[in-house]
2 protein chains.
Amino acid sequence: MNDRAWLIEEDLYSPEKELYWETVFALSNGYMASRGAIEENHFRPEVKSYFGTYAAGVFDKYNKEYQAIVNLPDFFNTDVRVNGEPVRMKRGQIENYSRSLDMRGGFLRRKFDFVSAGKGHKTRFEVTRFISKADPHLAVLHYAVEPLNYDGEIRFDNVLDGNITNIDFHVSGYQLRDEKYHFIDDDHEVRENKDGGGLLVRTKVTKHRVCEVIRCELREDGALKEPKTSNTVKKRFLSHGASFPVRRGKRYSYLKLVSVRTSRDGGADLFLACNSHSAKASQKGYERLLSEHKAAWEDAWKSADIVIEGDERDQRNVRFNIFHLIQMGNKNDPRVNVGSRGLTSEMHYGNCFWDTELFIMPFFIYSDPAAARALVQYRYLTLPAAREKAKKLLFKGALYPWMSSWPGHEQADYWEYANIAVHIVSDVIYGLMNYYRATGDDKFMLECGLEMLVETSRFWESRLTWSETRKKYVMNVVKGPNEYAITNNNTYTNWGCRSNLTEAVRMLAWAKKRHPKEYKALAKKSGLKDKEPASWTKIAKAIFINYDKSRDLYIEDDHILEKEPVDIKELKPGKVITTELGFTWDTFLRLKIVKQADVLLLMTLYRPEFTERQLRNAWKFYEPLTLHDSSLSYNTHCIVANELGDVKKSDGYFQQTARLDLEDVMENVFLGIHAANAGGAWQCVVNGFCGMRMAENHLEFSPNLPARYKSVRFRVAYRKNQYEVLCEKKKVSIHLVRGENPSLKIKGNRIET
Amino acid sequence: MNDRAWLIEEDLYSPEKELYWETVFALSNGYMASRGAIEENHFRPEVKSYFGTYAAGVFDKYNKEYQAIVNLPDFFNTDVRVNGEPVRMKRGQIENYSRSLDMRGGFLRRKFDFVSAGKGHKTRFEVTRFISKADPHLAVLHYAVEPLNYDGEIRFDNVLDGNITNIDFHVSGYQLRDEKYHFIDDDHEVRENKDGGGLLVRTKVTKHRVCEVIRCELREDGALKEPKTSNTVKKRFLSHGASFPVRRGKRYSYLKLVSVRTSRDGGADLFLACNSHSAKASQKGYERLLSEHKAAWEDAWKSADIVIEGDERDQRNVRFNIFHLIQMGNKNDPRVNVGSRGLTSEMHYGNCFWDTELFIMPFFIYSDPAAARALVQYRYLTLPAAREKAKKLLFKGALYPWMSSWPGHEQADYWEYANIAVHIVSDVIYGLMNYYRATGDDKFMLECGLEMLVETSRFWESRLTWSETRKKYVMNVVKGPNEYAITNNNTYTNWGCRSNLTEAVRMLAWAKKRHPKEYKALAKKSGLKDKEPASWTKIAKAIFINYDKSRDLYIEDDHILEKEPVDIKELKPGKVITTELGFTWDTFLRLKIVKQADVLLLMTLYRPEFTERQLRNAWKFYEPLTLHDSSLSYNTHCIVANELGDVKKSDGYFQQTARLDLEDVMENVFLGIHAANAGGAWQCVVNGFCGMRMAENHLEFSPNLPARYKSVRFRVAYRKNQYEVLCEKKKVSIHLVRGENPSLKIKGNRIET
């Protein structure tokens with residue numbers, strides 16, 4: 001393997017780029033996360049840092065209705081002093097600097113020599129940190145220290161500071177100390193001891209408790225030593241200090257083990273649990289903890305990696321996206337989902353969107369089906385809140401929220417999204433069916449999926465309107481994927497609705513016939529009446545679809561054809577149109593522009609239902625109108641262009657996607673990794689270049705690789721088996737890696753029953 | 001004349017209704033205004049009062065873009081003490097109380113006997129106040145005082161307090177001391193002397209200066225006396241105190257003359273102007289000032305009154321509406337317009353709307369054409385700001401603001417109104433043409449009107465979109481009068497646009513032929529090219545109009561027919577739908593409901609362009625869908641119902657209009673008089689019951705009075721003549737009152753050329 005494509009390296013200390021690196025270097029194991037801020041930066045007001053430490057599912061309310069993921073005390077927060085002089089940029093010199101993310105091993109390592117300003121004392125540091133993939137509650141920080149030209153004293157101050165606040169995204173400058181966004185209660189607890197101590201904080205409204213315990217140990221040339229320690233306790237604040245004499249030529253190791261538990265994990269005494277946990281970790285020791293962590297990452301990569309031969313830059317960009325996707329997964333907790341930036345920032349307050357089902361879940365379905373299952377189950381568990389939302393808006397059944405945290409009440413505060421972007425409902429069902437088709441998870445379908453299908457179908461039935469003019473069911477006042485419209489009969493939405501109704505009827509019929517007991521239980525639980533599926537069939541057949549037969553073209557909605565034509569090139573450069581300018585929303589609505597893939601997205605989702613000619617006609621019509629004012633647009637265009645044989649355009653869109661974050665194309669990576677785009681990059685390669693398509697009972701590949709690629713190799717899970725797929729130009733080789741399901745056969749470019 | 005229908009009386013002191021009375025008793029001469037708050041209430045924290053004192057056109061910015069009419073120091077603010085005891089409800093007893101607005105004379109009078117709590121001293125008060133209709137800069141407050149059972153001392157404190165703030169409508173409780181809404185600068189000036197003094201304040205951003213000077217005098221049994229005076233000066237604050245001995249059986253008169261001038265009036269030394277003004281007023285004396293004021297009102301009533309024989313309640317309600325309409329007029333200042341609540345509150349920050357052209361201006365056109373001219377001229381003077389708005393939104397020509405103060409920049413902060421309720425443009429032109437047709441004011445048309453027609457036509461040309469599908473010009477993304485829609489091809493808007501273009505072409509042709517010199521000047525000034533009118537003609541012919549030929553029905557817009565049907569009775573009682581619930585805007589948009597008259601309003605505006613059958617078809621279709629969620633809806637329905645012969649329904653809608661404010665139907669009169677509704681009440685009688693219609697070259701009447709009416713009598717100005725019209729059941733008598741234009745003839749129920 002080529003190591004360069006596994007490493008993301010900062011080789012010059014560049015504090016002005018720190019915010020970018022903090023996102024790129026963010027670490028997470030799905031349970032908790034920490035942005036990649038340099039440990040000592042808490043003590044460096046001259047460097048702009050955005051510290052972010054999160055525990056999945058720990059939200060607090062920032063007003064009566066809406067929640068934000070809470071920025072927790074940063075357990076990596078550490079100050080270091082050499083002979084009393086702080087290790088800071090402006091107080092000395094940094095030499096031989098490098099900071100690198102080892103994506104294969106999932107850890108971050110910083111190396112530098114610090115030459116103190118006063119006495120010229122030179123110290124070599126190697127700082128390693130990781131958030132354990134082997135143990136969700138464990139984070140580890142390790143300083144290897146070597147005094148190069150002096151004897152003296154080194155001091156570490158390990159801080160847990162509950163006075164941190166969330167960022168206020170509404171003001172520029174991204175304040176971290178805005179009291180309005182301080183979600184940590186006065187009611188807290190600090191404990192201290194000679195090895196460290198802990199801080200237990202509580203969120204103000206949701207009353208989650210979060211306990212962080214640190215346990216530190218010092219070694220000299222491998223032998224345990226007792227440093228001189230002293231603790232400072234203030235309100236919501238603990239600092240554990242340790243100082244020790246150092247001698248030239250000796251090697252010192254200072255280890256901080258972090259144990260985190262929250263009230264969401266259950267268990268009464270969080271301190272007790274953390275203390276016992278860190279004691280066990282201490283027994284294992286740093287080297288073993290790190291190797292267990294690396295082994296867990298190796299395991300994940302086996303199923304998730306995409307190996308591209310022929311373009312190192314693409315390889316690294318794709319891998320970077322996959323690295324962050326892996327970090328977003330959490331198969332153990334179906335009460336959390338993937339926020340729009342994963343756990344790498346507070347953007348969108350940590351809420352998830354349709355991004356999950358359309359762009360993120362596919363990656364997990366094929367690389368980590370258990371994590372995908374947790375994401376689908378999240379939608380099942382949030383069904384009660386979706387029912388409440390439907391009722392509040394005078395509809396029946398379940399209307400999923402546009403933005404969702406926990407327990408799933410609507411978190412979007414604009415009616416233009418919260419109330420009318422109803423395609424979220426069929427997007428959720430698309431995710432369910434996509435998961436179900438790939439895994440054949442009948443148990444989940446029977447226990448959870450059917451109820452979701454029933455409740456969403458009820459919603460659609462109440463949301464549609466019978467049009468006497470058209471003699472069809474119409475769907476008025478919706479926002480489709482092209483958010484630059486408030487429109488009627490958005491084809492994406494109507495098609496999704498129809499598919500939702502049809503799948504409900506089909507799966508209910510299947511259950512009734514094949515699993516009568518479970519069907520009966522479902523019917524009882526949901527009060528399902530026989531006439532309901534019958535009605536849904538009737539409605540599904542009569543839903544109005546905007547289609548121009550003479551052109552064999554699907555029309556986006558009732559309005560697009562009559563909008564004011566405009567050259568989109570004229571709009572972009574002058575930035576007359578941008579989502580930032582709220583006061584020209586009407587301009588968006590009036591002009592013949594498409595914000596992001598809409599009809600084309602529909603066609604990729606339900607690909608078998610459209611002919612290639614229809615796809616081509618749609619491409620010719622919509623692609624020139626599309627502004628790509630969303631990171632969710634490029635990957636669809638990459639996939640469609642590839643299928644239509646335009647490898648150059650396909651590659652162009654792929655580059656936009658794959659480079660987006662690591663190369664900071666949108667200049668906003670400091671606000672977090674674009675989770676959906678990361679999934680989109682995976683889709684570009686797998687569904688785009690390698691042409692993977694799933695039909696009802698088979699999976700197939702028809703690669704069309706960029707000329708410079710020799711091959712693309714990756715694994716896919718399908719119906720309890722795992723396969724390795726090797727795509728070379730137009731040739732595909734598939735072989736079984738692991739199998740539980742012998743009824744599947746590999747036939748040419750297909751895996752089928 | 002029947003006096004009861006001229007008086008609005010509060011006959012029981014009822015502080016809990018004070019906010020209502022403050023609006024009802026608000027006085028204005030168009031230049032300045034004061035809500036009817038009791039003078040002494042400033043010193044009574046136990047009574048909830050909303051003090052409002054305004055000078056037309058004195059706005060300040062409440063943020064970067066938007067302005068509010070400024071609440072100025074209340075010059076009526078007075079504290080009264082009898083033998084040291086304050087004249088307050090809770091400190092004694094009020095007997096023989098009455099407060100009445102004499103609408104005929106335009107003054108407010110309060111009578112009461114105050115029995116002090118301590119010593120039982122009884123004093124008779126008669127407090128009269130008015131804002132002079134004869135002298136725009138003058139306000140007068142007069143206390144007639146009689147000690148009934150004691151000798152002692154009375155003291156007046158006359159306060160000018162610049163620490164008053166505007167109301168914050170966003171919080172409940174209507175705070176008057178919210179610093180955020182304090183528009184009066186630190187930079188101010190106080191002057192004092194033995195008779196009173198003055199306060200000169202400056203608005204913070206707009207830097208208007210406002211000077212209020214008070215001059216007080218005391219009389220005993222008619223003879224001038226010198227009270228003992230003392231002044232208190234604080235920041236932005238003057239209190240002029242006067243005390244004097246009183247004896248049982250004597251009558252005392254304490255007169256406060258108020259002079260107001262602002263920097264908008266021109267003149268360098270505002271104090272000097274006010275002082276000289278109040279000295280002159282003082283020479284005239286109270287009785288003469290009052291009689292001049294009453295004479296001016298009498299004059300106004302002659303032209304504006306409607307005399308209804310047969311229903312005293314209707315008479316009073318209609319007169320009350322006319323009273324406030326008269327108060328809103330200001331023929332001297334075309335830089336001000338009529339706010340949505342006149343000068344009776346800060347609602348909508350004192351801005352004017354289309355209300356002016358459609359509902360308020362008609363009253364002035366027929367009763368006070370000079371005041372109507374000032375309103376049209378206001379739109380001419382704000383043309384530059386309308387040009388700026390069009391440019392900012394990428395259109396050509398002039399786009400008038402939805403909410404307008406001075407100099408006419410958009411004051412609405414929602415794009416759903418500011419940017420897309422573009423019918424405001426043709427509403428302004430409707431007002432212009434309505435004024436022009438009634439007055440024949442060629443001079444105004446040539447000097448101002450043509451330029452408005454040219455610039456608005458240019459706007460429309462750039463706002464329309466050619467539809468290849470329909471082979472027509474369409475108008476997308478608009479809000480019509482039915483504000484429960486964001487729609488395409490709203491018929492009201494498209495019709496108005498077409499009329500605007502057609503009138504522009506017609507008037508330009510007229511000017512070119514009949515006034516070539518003025519035409520040439522206009523063409524030069526506005527850069528008019530010959531091809532422009534030609535293009536407008538072409539466009540006007542090809543504008544898409546929603547019309548169903550098979551039903552001979554005009555359709556409101558592209559969407560209404562396919563909306564979800566709903567029984568509007570179900571909506572109102574549960575208040576599921578109300579404009580207060582912003583988060584269900586989508587519900588408004590989705591349901592087949594009409595907020596307020598839309599197609600029906602169009603038909604009343606351009607009545608000759610529709611057949612009676614079309615009117616009837618529209619009535620049958622729209623009336624059952626209409627929620628009347630606006631005070632601008634009832635009067636249109638009254639007029640249409642009357643024409644269609646449904647006198648009962650017509651009367652029902654009339655009652656909603658006529659009673660709205662005086663009987664506080666909407667329970668929000670404390671927030672001011674609904675100006676458009678007041679004009680609507682006038683329209684109900686004149687255009688509804690009396691069937692007045694204006695065509696290109698005649699004015700006609702076809703009454704259809706409620707059964708209980710014997711007759712309705714009123715005057716109308718038309719083409720430089722004034723007529724008295726007497727409608728009795730179905731008979732009309734018209735006679736000329738004043739005439740300058742002998743070419744007009746009375747023929748039956750018509751006045752024609």
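Residues numbered from 1 in each chain as written. Chains lettered and ligands numbered in written order. Predicted model: local features only at pLDDT ≥ 70, side-chain atom pairs only at ≥ 80, totals over all residues. Heavy atoms only, no water.

### Observations regarding the overall build of chain A
Worth spelling out the cut-off: Where helices and strands are cited, they refer to DSSP runs of H or I of at least four residues and of E of at least two residues respectively, numbered from the N terminus. With C-alpha atoms as the basis for the radius of gyration, the globule rule is written as 2.2 Å multiplied by the number of residues raised to the power 0.38. We call a residue buried when its accessible area falls under 20% of the maximum for its residue type, exposed when it is over 50%, and partly exposed in between, using a 1.4 Å probe and counting protein chains only. The contact definition used throughout considers only heavy atoms, calling two residues in contact when any of these lie within 4.5 Å. Only the protein chains shown count as cover for residues, and the accessible areas themselves come from Shrake-Rupley with a 1.4 Å probe.
Assigned secondary structure in chain A consists of 20 helices and 33 strands. The globule rule puts the C-alpha radius of gyration for 753 residues at 27 Å, and the 27 Å found for chain A is close to it. Burial status across chain A gives 65% buried among its 753 residues. A separation threshold of at least 6 residues defines the contact pool for chain A, and within that pool the share at least 24 residues apart is 66%. With an accessible surface of roughly 27,900 Å², chain A has 50% of that area assigned to carbon and sulfur atoms.

### Some thoughts on the packing of aromatic side chains
Our working definition: By convention, a stacked pair of Phe, Tyr or Trp rings (six-membered ring in the case of Trp) has centres within 6.5 Å and planes under 30 degrees apart, an edge-to-face pair has planes over 60 apart, and any other such pair is tilted. Two conditions define a charge located above a ring, namely a distance within 6 Å from the ring centre to NZ of Lys or CZ of Arg, and an angle within 35 degrees of the ring normal.
In this structure the tally under the stated criterion is 86 aromatic pairs over all chains. Ring geometry for Phe112(A) and Phe125(A): centres 5.0 Å apart, planes at 15°, overall stacked. Taken as a pair, Phe112(A) in strand 10 (residues 107-116) and Phe125(A) in strand 11 (residues 122-131) lie far apart in primary sequence, 13 residues in all. Clustering of aromatic rings is evident, with ring pairs tying together Phe112(A), Phe125(A), Tyr143(A), Phe156(A), Phe244(A), Tyr252(A) and Tyr254(A). One Lys or Arg, Lys133(B), reaches over the ring of Trp297(B) and ends 5.3 Å from the middle of that ring.

### Some remarks on the pattern of salt bridges
For clarity, the cut-off: Within this document, salt bridges are pairs made up of a side-chain nitrogen of Lys or Arg and a carboxyl oxygen of Asp or Glu, the two lying within 4 Å of each other.
A full pass over the atoms with the stated rule returns 131 salt bridges over all chains. Of the charged contacts in the structure, one is a salt bridge between Glu40(A) and Arg110(A), with a shortest N-O distance of 2.6 Å. Placement of Glu40(A) in the loop between strand 3 (32-34) and strand 4 (53-55) and of Arg110(A) in strand 10 is noted, with a sequence separation of 70 residues between them. Residues Glu40(A) and Arg110(A) agree in their burial class; the two are buried. Between Glu39(B) and Arg129(B) there is a salt bridge, and its shortest N-O distance comes to 2.7 Å. Taken together, the positions of Glu39(B) in the loop between strand 3 (32-34) and strand 4 (53-55) and Arg129(B) in strand 11 (residues 122-131) put the pair 90 residues apart, joining distant regions of the chain. For the residue pair Glu39(B) and Arg129(B), the accessibility class agrees, reading buried in each case.

### Comments concerning the nonpolar core
Quick note on the threshold: In this description, a nonpolar core means a group of buried Ala, Val, Leu, Ile, Met, Phe, Trp, Tyr and Cys residues linked to one another through side-chain atoms lying within 4.5 Å.
Counting 438 residues, the largest nonpolar core has Phe125(A), Ile306(A), Phe701(A), Phe125(B), Ile306(B) and Phe701(B) as its most contacted members. Counting twelve residues, the second-largest nonpolar core is a separate cluster that includes Ala33(A), Tyr54(A), Phe59(A) and Leu671(A).

### Overview of the sheet that holds strand 2 (residues 27-28) of chain B
By way of backbone hydrogen bonds, the strands of a sheet pair with one another, either parallel or antiparallel. Residue and element names in this part refer to chain B. What counts is decided by this rule: Any two strands are treated as partners once DSSP identifies two or more bridges connecting them.
Taking strand neighbours across the sheet as the criterion, the three strands line up as 2-3-4 in an open arrangement whose pairing is antiparallel. Each of the sheet's edge strands pairs with one partner strand only, and the pair in question is strand 2 and strand 4. Summarising the sheet, strand 3 and strand 4 pair through three bridges and their orientation is antiparallel. Looking at the pairing, methionine 32 lines up with alanine 55 of strand 4.

### Structural notes on helix 19 (residues 647-659) of chain A
Turn by turn, an α-helix covers 3.6 residues, leaving residues three or four places apart pointing in a common direction. All names here are of chain A. Convention followed: For a helix, the expected span equals 1.5 Å multiplied by the residue count minus one.
Taking 1.5 Å of rise per residue, the 13 residues of helix 19 would be expected to cover 18 Å, and the 18 Å separating its terminal C-alpha atoms lies within 8% of that figure. For helix 19, the complete set of buried residues consists of Ser650, Asp651, Tyr653, Phe654, Gln655, Thr657 and Ala658. Those residues of helix 19 that are buried lie in contact with helix 4 (312-328), helix 17 (612-622), helix 18 (634-643) and helix 20 (675-689).

### Let's talk about the relation of the copies chain B and chain A
Threshold: Superposition of the copies was done by least squares, using only C-alpha atoms of residues whose pLDDT is at least 70 in both.
After a rotation of 180° and a shift along the axis of 0.0 Å, chain B superposes on chain A with an RMSD of 0.0 Å. This pairing of chains is accounted for by a two-fold axis. Residue Ile486(B) of chain B places its C-alpha closer to the rotation axis than any other residue of that unit, at 4.2 Å. Most of the interface of chain B is mirrored in chain A, where 100% of its interface residues are also at the interface.

### Side note on the domain arrangement of chain A
Residues and elements named next belong to chain A. Just so we agree on the cut-off: Where each domain begins and ends follows an automated or database-derived domain assignment. Note on definitions: buried area is the accessible-area loss of two parts on being combined, 1.4 Å probe, summed for both. For the purposes of these results, a polar contact is taken to be a pair of N or O atoms within 3.5 Å, where, inside protein, one atom must be able to donate a hydrogen and its partner to accept one; residues adjacent in sequence count only when each atom of the pair is a side-chain atom.
We note that the domain assignment places domain 1 (3-302) and domain 2 (328-689) within chain A. The gap between the C-alpha centroids of domain 1 and domain 2 is 38 Å. Contact with domain 1, which involves 32 residues of that partner, is made by 29 residues of domain 2. Carbon and sulfur atoms supply 59% of the area buried between domain 1 and domain 2, which totals about 2,600 Å² over both sides. Summed over the shared surface of domain 1 and domain 2, the result is one salt bridge. Between aspartate 333 and arginine 264 there is a salt bridge; the shortest N-O distance is 3.1 Å. For the interface between domain 1 and domain 2, the tally reads 18 residue pairs in polar contact (both at pLDDT 80 or more). Going through the elements one at a time, helix 1 (18-24), strand 3 and strand 6 (67-69) are the ones with two or more residues in the side of domain 1 that touches domain 2.

### A short note on the interface of chain B and chain A
Taken together, the contact between chain B and chain A spans 34 residues of the former and 34 residues of the latter. Of the roughly 2,800 Å² buried at the junction of chain B and chain A (both faces included), carbon and sulfur atoms supply 55%. On the chain B side of the contact with chain A, Trp415(B), Glu562(B) and Arg590(B) bury the most area, a combined 26% of that side's loss. Applying the counting criterion to the chain B and chain A interface returns two salt bridges. For Arg470(A), the salt bridge identified is with Glu562(B), shortest N-O distance 2.8 Å.

### Remarks on the packing of helix 11 (residues 491-514) of chain B against helix 13 (residues 531-541) of chain B
Residues and elements named next belong to chain B. Put simply, the rule reads: Lines fitted to the C-alpha atoms define the axes, with helices restricted to the stretch that makes contact. Angles between their N-to-C directions range from 0 to 180 degrees. Crossings are classed by handedness, with left-handed meaning an anticlockwise turn of the near helix from the far one by less than a right angle and right-handed meaning a clockwise turn. Gly falls in the polar group here, along with every residue not listed as nonpolar (Ala, Val, Leu, Ile, Met, Phe, Trp, Tyr, Cys, Pro) or charged (Asp, Glu, Lys, Arg).
One can describe the packing of helix 11 onto helix 13 by two numbers: an axis separation of 9 Å at closest approach and a directional angle of 145°. At the point where helix 11 passes helix 13, the crossing takes the left-handed sense. Between helix 11 and helix 13, the contacting residues are Arg498, Leu501, Thr502, Ala504, Val505 and Leu508 on the first element and Pro533, Trp536, Thr537, Ile539 and Ala540 on the second. Residues that form the contact of helix 11 with helix 13 fall into these classes: eight nonpolar, two polar and one charged.

### Quick look at the side chain of Glu39(A)
Residue classification places Glu39(A) among the buried residues on the basis of a relative accessible area of 3%. Among residues more than four places away in sequence, those in contact with Glu39(A) are Phe76(A), Asn77(A), Thr78(A), Arg110(A), Val127(A), Arg129(A), Leu141(A) and Tyr143(A).

### Details of the sheet that holds strand 7 (residues 78-82) of chain A
All names here are of chain A. Spatially, five strands are ordered 8-7-13-19-18 in an open sheet, and the strand pairing comes out antiparallel. In this open sheet, the two strands that pair with only one neighbour each are strand 8 (85-86) and strand 18 (228-234). Looking at chain direction, strand 13 (residues 152-161) and strand 19 (residues 237-246) are connected through ten bridges and run antiparallel. Bridge pairing in strand 19 links glutamate 153 to proline 245.

### With respect to the packing of helix 5 (residues 355-367) of chain B against helix 20 (residues 675-689) of chain B
All names here are of chain B. To keep it simple, the criterion reads: These descriptions rest on fixed angle ranges, namely under 35 degrees for roughly parallel, over 145 for roughly antiparallel, 65 to 115 for roughly perpendicular, and the rest for oblique.
Between helix 5 and helix 20, whose axes approach to 8 Å, the crossing angle comes to 50°. If you check the angle between helix 5 and helix 20, you find them oblique. Along this stretch, helix 5 crosses helix 20, giving a crossing that reads as left-handed. For the pair formed by helix 5 and helix 20, the contact residues are Asp355, Leu358, Phe359, Ile360, Pro362, Phe363 and Tyr366 on the first element and Ala675, Ala676, Gly679, Gly680, Trp682 and Gln683 on the second. Tallied by class, residues from the contact of helix 5 with helix 20 come to nine nonpolar, three polar and one charged.

### Describing the pairing of strand 12 (residues 138-147) of chain B
Consecutive side chains of a regular strand alternate in pointing toward one face of the sheet and then the other. Residue and element names in this part refer to chain B. Of all ten residues that make up strand 12, nine are buried, and the element is covered over most of its length. Both strand 11 and strand 12 contribute to a ladder of nine bridges, which runs antiparallel. Bridging across to strand 12, valine 127 finds its partner in tyrosine 143. Connecting strand 11 to the antiparallel partner strand 12 that follows it, the hairpin turn spans six residues. Two strands pair when backbone bridges link them, and strand 12 and strand 20 (residues 252-262) are joined in this way by eight bridges, in the antiparallel orientation. The partner of leucine 141 across the bridge, within strand 20, is lysine 256.

### Looking at unusual backbone geometry
Across the junction of Trp406(A) and Pro407(A), the peptide omega takes the value 5°, indicating a cis bond. By the secondary structure assignment, Pro407(A) is in the loop between helix 7 (383-392) and helix 8 (415-418). In this structure, Asp221(A) is a non-glycine residue whose phi angle is positive, near 45°. Among the structural elements, Asp221(A) can be located in the loop between strand 16 (209-220) and strand 17 (223-225). In this structure, Leu394(B) is a non-glycine residue whose phi angle is positive, near 75°. Along the chain, the position of Leu394(B) falls in the loop between helix 7 (383-392) and helix 8 (415-418).

### Things to note about the pairing of strand 9 (residues 92-102) of chain A
Residues and elements named next belong to chain A. Sheet topology places strand 1 (residues 7-10) next to strand 9; four bridges connect them, and they run antiparallel. Looking across to strand 9, one finds that isoleucine 8 is bridged to leucine 101. By the bridge criterion, nine bridges tie strand 9 to strand 10 in an arrangement that is antiparallel. Across the sheet, residue isoleucine 94 finds its bridge partner in strand 10, namely phenylalanine 114.

### Quick look at the confidence of the model for chain A
We count it as follows: Confidence per residue, as judged by the predictor, is encoded in pLDDT with a range of 0 to 100.
On average, chain A scores 94 in pLDDT, and the residues at 70 or more come to 96%. Every residue in residues 579-583 of chain A is under pLDDT 50, and counting partners more than four places away or in other chains gives ten contacts.

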